[in-house]
Amino acid sequence: MSPKEFFEFAKKHGADMVDLKFTDMLGTWQHCTFPIDTWDEDTFKKGIGFDGSSIRGWQGIHMSDMLGIPDPNTTKIDPFFAEPTVSVIANIVDPITLEDYTRDPRHVARKGVEYLKQTNIADICYIGPEPEFFIFDEIRFEQTQNMGFYQIDSIEGAWNTNRIEEPNLGYKPSYKGGYFPVSPTDTYHDLRGEMVREMQKIGIAVEAHHHEVGTAGQSEIDMQYADLLRISDQFMWYKYIVKNVAKRAGKTVTFMPKPIFQDNGSGMHTHVSLWKNGKNVFAGDGYGGLSEIGLHAVGGVLKHARALLAFCAPTQNSYRRLVPGFEAPVNLVMSARNRSAAIRIPMYHDNPKEKRFEFRCPDPSANGYLAFSAIMMAAIDGIQNRIDPSTPLDRDIYEMSQDDLKNVPKVPGSLAEALNALEEDHEFLTKGNVFTDDLIETWINYKREKEINELALRPHPYEFHLYYDN
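Keep in mind that this is a model prediction, so the values were computed, not measured. (Residues numbered from 1 in each chain as written. Predicted model: local features only at pLDDT ≥ 70, side-chain atom pairs only at ≥ 80, totals over all residues. Heavy atoms only, no water.)

Caption draft 1: The arrangement of empty space enclosed by the protein in detail. On inspection of all chains with the given rule, the structure shows one cavity of 30 Å³ or more. Taken as a whole, the largest cavity spans an internal volume of roughly 40 Å³. Classifying every residue of the lining of the largest cavity gives three nonpolar, one polar and three charged. (1 Å grid on protein atoms, 1.4 Å probe; cavity = no way out; pocket = protein on both sides within 12 Å on 5 of 7 lines; lining within 4 Å. Points joined across faces, edges and corners; volume = space filled by probe spheres on them. Nonpolar A, V, L, I, M, F, W, Y, C, P; charged D, E, K, R; others polar.)

Okay, here's the thing in structure tokens:
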């Protein structure tokens, strides 16, 4: 879409306001709204000024001025404003140098797409994420000097079978019993359907929606795979739509990886394939139907997985989900069909167009622009260096002894470990200047200072159970 077509689109839909959106370093949308008559075609060249020092992980107060350059190709009608409003995503630029801002996550994805083409390995990277989330009725939390707690409630919570609901009909998904039940146990079919329809209105292709394993409203909506930049944009819309449709219905949604104790966490299994001249270069006659290139790509992701998780499982809470001994993909191996491995090769069909690998460690707290780009960069490094993915593990990992598993590499046990791994292993990310040392250093420092150190200062409620009367 050209700038001229942008204004024609707005006029066609009767929109007299435009909402400019961009993504902060951690993956949250920010926005500012303007009367559309304050914009002209030059706005798409000169941009809109804003205070970069107020955005997490960005500029200092002494260098706060930034520019947002609208990308007309991202034009949509925002589905949640009372009056028709055009929405457009911005790329971030330094107003002095007029260069793209290295800490803009969308810029990282754009550079990644260009770098892939430069390698001549492929000309497109398709990503298919499967974000999971919880739909709650209420969430309460607080942290002060003398108090720290959270409390979750859900009409579907297994803990509510004894609640006075006048009448309580008892249809509550049990712990780990929420996978694929029909109504009346699945009470969120219509709400998820509403989310899907809002996604379709803005051009997101959806493959399926369903209840997930967890009690208390765990759900999944699967977008059809798309090229890396487009799917990263769509992931932002996905979160925005899911949360706002839920709010409209008096519900609240969280993409927090592990909100409920002793039940499944929310992951974001991520399917990846590389294509060149319209052909899937991962398709072949090797293990799981992968080509040599595909197997080397898997090798790259497994080699760099510990560092990747600093972007793909980027919160302290992520490692409440990635715990050994439970149904979590903590073993850094590949397997055909086996969902207990970090990388699964789906075997539903033998169509070469559908051949891909599925990286099962990421979760939906990730910034899609950074996480998807990092996975692609690890795959490229594996192909360039012909990295062996090692022997596949096709046994049921949960039935293996600790002696059997002792030599199987594991994911990091904490965000701190993942950040240490990223600090030691990030050269594969900086190829082609896709990720810069500045972005990686800023990410590591922010996570250590604002999350790890802050959590370390606060007593955990369970510590009172363990230690209060010692």
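This is not the end of the story, as more comes after the structure.
Caption draft 2: How the structure looks around the pattern of salt bridges. Considering all chains together, one arrives at 24 salt bridges under this definition. Residue Arg248 pairs with Glu198 through a salt bridge whose shortest N-O separation is 3.0 Å. In this pair, Arg248 sits in helix H5 (residues 228–248) while Glu198 sits in helix H4 (residues 189–201), placing the two residues 50 residues apart along the sequence. Taking the relative accessible area as the measure of exposure, Arg248 reaches 45% and is therefore partly exposed. On the basis of relative accessibility, which here comes to 6%, the residue Glu198 falls in the buried class. Of the charged contacts in the structure, one is a salt bridge between Arg306 and Glu417, with a shortest N-O distance of 3.5 Å. Pair noted here: Arg306 is in helix H7 (residues 305–312) and Glu417 is in helix H11 (residues 415–424), with a separation of 111 residues, a long-range link. When its relative accessible area of 32% is taken as the criterion, Arg306 is described as partly exposed. According to the relative accessible area criterion, Glu417 is partly exposed, its value standing at 35%. (Salt bridge = Lys/Arg side-chain N within 4 Å of Asp/Glu carboxyl O. Helix = DSSP H or I, 4+ residues; strand = E, 2+ residues; numbered from the N terminus. Buried < 20%, exposed > 50% of the residue type's maximum accessible area, 1.4 Å probe, protein only.)

Caption draft 3: Examining a negative patch on the surface more closely. Taken together, Glu5, Glu8, Asp40, Glu41 and Asp42 make up a surface patch of like negative charges. For Glu8, the location among the structural elements is in helix H1 (residues 3–12). (Patch = residues over 30% accessible without salt bridge, like charges linked within 9 Å, V, L, I, M, F, W, Y side chains within 5 Å. Areas by Shrake-Rupley, 256 points an atom, 1.4 Å probe, with all protein chains shown as cover. Lys, Arg positive; Asp, Glu negative; His and termini not counted. Charge placed at Lys NZ, Arg CZ, Asp CG, Glu CD.)

Purely geometric numbers; function is a separate question.
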